[in-house]
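Descriptive structure summary
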Amino acid sequence: QQVGTNTAEVHPSLPWQKCTTSGGCVTQSSGKIVLDSNWRWLHSTTGYTNCYTGNTWDATLCPDGTTCAANCALDGADYSGTYGITTSGNALTLKFVTNGQQKNIGSRVYLMASDTEYEMFKVLNQEFTFDVDVSNLPCGLNGALYFSQMDADGGMSRFPTNKAGAKYGTGYCDSQCPRDIKFINGVANSDGWTPSSTDVNAGTGQYGTCCNEMDVWEANNNAAAYTPHPCTVTEQTRCEGDACGTTDRYASVCDPDGCDFNSFRMGDKTFYGAGMTVDTTKKFTVVTQFITDDGTASGTLSEIRRIYVQDGKVIQNSNVNIPGIDSSINSITSDFCDQQKTAFGDNTSFQDKGGLAGMSKGLADGMVLVLSVWDDHAVNMLWLDSDYPTDADPSTPGIARGTCSTSSGKPTDIETSEANASVIYSNIRFGDLNSTYSASG
Ligand code: IDC
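Criteria and thresholds
- Residues numbered from 1 in each chain as written.
- Predicted model: local features only at pLDDT ≥ 70, side-chain atom pairs only at ≥ 80, totals over all residues.
- Heavy atoms only, no water.
- Helix = DSSP H or I, 4+ residues; strand = E, 2+ residues; numbered from the N terminus.
- Polar contact = N/O pair within 3.5 Å; in protein donor to acceptor, adjacent residues only side chain to side chain.
- Contact = heavy atoms within 4.5 Å.
- Pairing = 2+ DSSP bridges.
- Buried < 20%, exposed > 50% of the residue type's maximum accessible area, 1.4 Å probe, protein only.
- Phe/Tyr/Trp six-rings, centres within 6.5 Å; stacked < 30°, edge-to-face > 60°.
- Lys NZ or Arg CZ within 6 Å of the ring centre and 35° of its normal.
- Near = heavy atom within 4 Å.
- Areas by Shrake-Rupley, 256 points an atom, 1.4 Å probe, with all protein chains shown as cover.
- Nonpolar A, V, L, I, M, F, W, Y, C, P; charged D, E, K, R; others polar.

Quick look at the side chain of Gln 289 now. Of note, Gln 289 is situated in strand β27 (residues 284–292). A distance of 3.0 Å separates polar atoms of two side chains, one belonging to Gln 289 and the other to Asn 434. Not counting the four nearest positions on each side in its chain, Gln 289 is found in contact with Gln 126, Glu 127, Glu 303, Ile 304, Arg 305, Ile 307, Leu 433, Asn 434 and Tyr 437.

Here is the structure:
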């Protein structure tokens, strides 16, 4: 996992604000983003032979994962030309499909504190706020803003064979324990690599990479969810076999489902969407508050609250309207998660993998901010915006999540028909509870 020098790595700037109740908001002008290493050109250290082409590894440069890491270098990125990633002032635009020299699908970037370290957010007893424009993000797409418990340096110090570090966007992990990651713990994931049958750019290796994940926002113009996903591991951790959830989804060291709050799924079908209470045809503000049991940053996470602001109006999150769940609930608490899993008959992996208290430990240690746009080769994003499982009765509580058709979201369709889709995140603010927003946004 070496560094290549064909293209200089220049991180696009993305200023954000730190806010306090007493002092107002202060711009962090050193904020910048970095593209995840999986999207980058990977070539031999001695020249420009590809180590990875399409969805396969070069057998000569990569006879095994360790040799591959010594032979192969990650290069700098042309953010706008190749990947459709642009920043302007405090706004970040991620395009879905970009036709540069090669066709690029989606992207994932991280917020950095410097050119070599990710910004580490400690959100307990704090709130995180951003503006989002999903008006050009239809069914099947997911514009996601979330926290993953990655190492600040991308794992360089724990895994010295990783020479690229955070500067090149290495060290990704999340609660799905993804196995499509090309380098894990400083070693290429090339051993036992199986090219994807549905994705010309992806495959899966022997290893996955797991960590606590807090999904602040997973959404398109039809549906939105926020979802804590705890793990039993307490830092970025490589998994193999069952621990990745490969054969049994719930045998994983992480909670793959999470405790999700999606207003439509929770029974308010007129809250989020085009022309609805939160009108997705135009920009709005999303506020997420991480409340602790003792009202301090050293307490335990007890509630994750959501507030929206649009057109100068503060909009409280929708209330739950599901038989068997208290109708006064409009946020994520342990009570909500217990009642929801029971009412919907869902797997209790959230509780089993530590629940809100488990999520709390990850958040207390500090997590990396991830911003992405993606389509779903596994289940067409139907778990977010349609009826899922597709063979269940959609009138059964918990099945319907949005109004997208069960035949929507197929990557082969939308990578063509919705190629020009994009999401814009802007005006990121972070700090004391109720210090980052007002009625004006
Ligand atoms: C969702 C996760 C999301 C993940 C997606 C696909 O929240 O982060 O990307 O799965 O793996 C289910 C589904 C399960 C859903 C979950 C919440 O089986 O895939 O998790 N859920 O929608 N059934 C009921 C709830």
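As a further point, take the sheet that holds strand β5 (residues 42–44). Spatially, three strands are ordered β1-β8-β5 in an open sheet, and the strand pairing comes out mixed. The open sheet is flanked by β1 (2–3) and β5, the only strands paired with a single partner. Pairing analysis gives three bridges linking β5 to strand β8 (residues 72–74), with the strands arranged antiparallel. Residue pairing for β8: His 43 is matched across the bridge by Ala 73.

Let's shift gears to the environment of Gln 351. Tracing the backbone through its elements, the reader meets Gln 351 in helix α4 (residues 349–352). With a relative accessible area of 26%, Gln 351 lands in the partly exposed category. In this structure the C-alpha to C-alpha distance between Gln 351 and Lys 341, which are 10 residues apart in sequence, comes to 9.4 Å. Apart from residues no more than four positions distant in its own chain, Gln 351 is found in contact with Cys 337, Asp 338 and Lys 341.

Scanning the model with the defined rule gives 25 aromatic pairs in all. Ring plane angle 65° and centroid distance 5.7 Å describe the contact between Phe 271 and Tyr 308, whose orientation is recorded as edge-to-face. Pair noted here: Phe 271 is in the loop between β24 (237–240) and β25 (272–273) and Tyr 308 is in strand β28 (residues 301–310), with a separation of 37 residues, a long-range link. Comparing Phe 271 with Tyr 308 shows no difference in burial state: the two are buried. Ring centres of Trp 374 and Trp 383 lie 6.5 Å apart, and the angle between their planes is 25°; this geometry places the pair in the stacked category. These aromatic residues form a ring-pair network of at least three members: Trp 16, Phe 121, Phe 128, Phe 130, Phe 147, Trp 217, Phe 271, Tyr 272, Phe 284, Tyr 308, Tyr 425 and Phe 430. We note Arg 108 situated over the ring of Tyr 172; from NZ or CZ to the ring centre the distance is 3.6 Å. Lying over the aromatic face of Tyr 226, Arg 306 brings its terminal NZ or CZ to 4.5 Å of the ring centre.

In this sheet, strand β10 (residues 91–95) lies alongside strand β9 (residues 85–88) in antiparallel orientation, the contact comprising four bridges. Bridged to Thr 87 within β10 is Leu 92. The turn linking β9 back onto β10 is made up of two residues, and Gly 89 within it adopts a positive phi angle of 60°. Bridge count between β10 and strand β31 (residues 422–432): five bridges; the pairing is antiparallel.

What follows covers the site of the ligand. With respect to spatial proximity, 14 residues lie near the ligand, and among them Arg 249, Asp 257, Arg 265, Asp 346 and Arg 401 are the closest. A distance of 3.1 Å separates an oxygen atom of the ligand from a polar side-chain atom of Arg 249. Protein burial of the ligand: of its 500 Å² of free accessible surface, 86% is covered by the chains. Residues that form the shell around the ligand fall into these classes: four nonpolar, two polar and eight charged.

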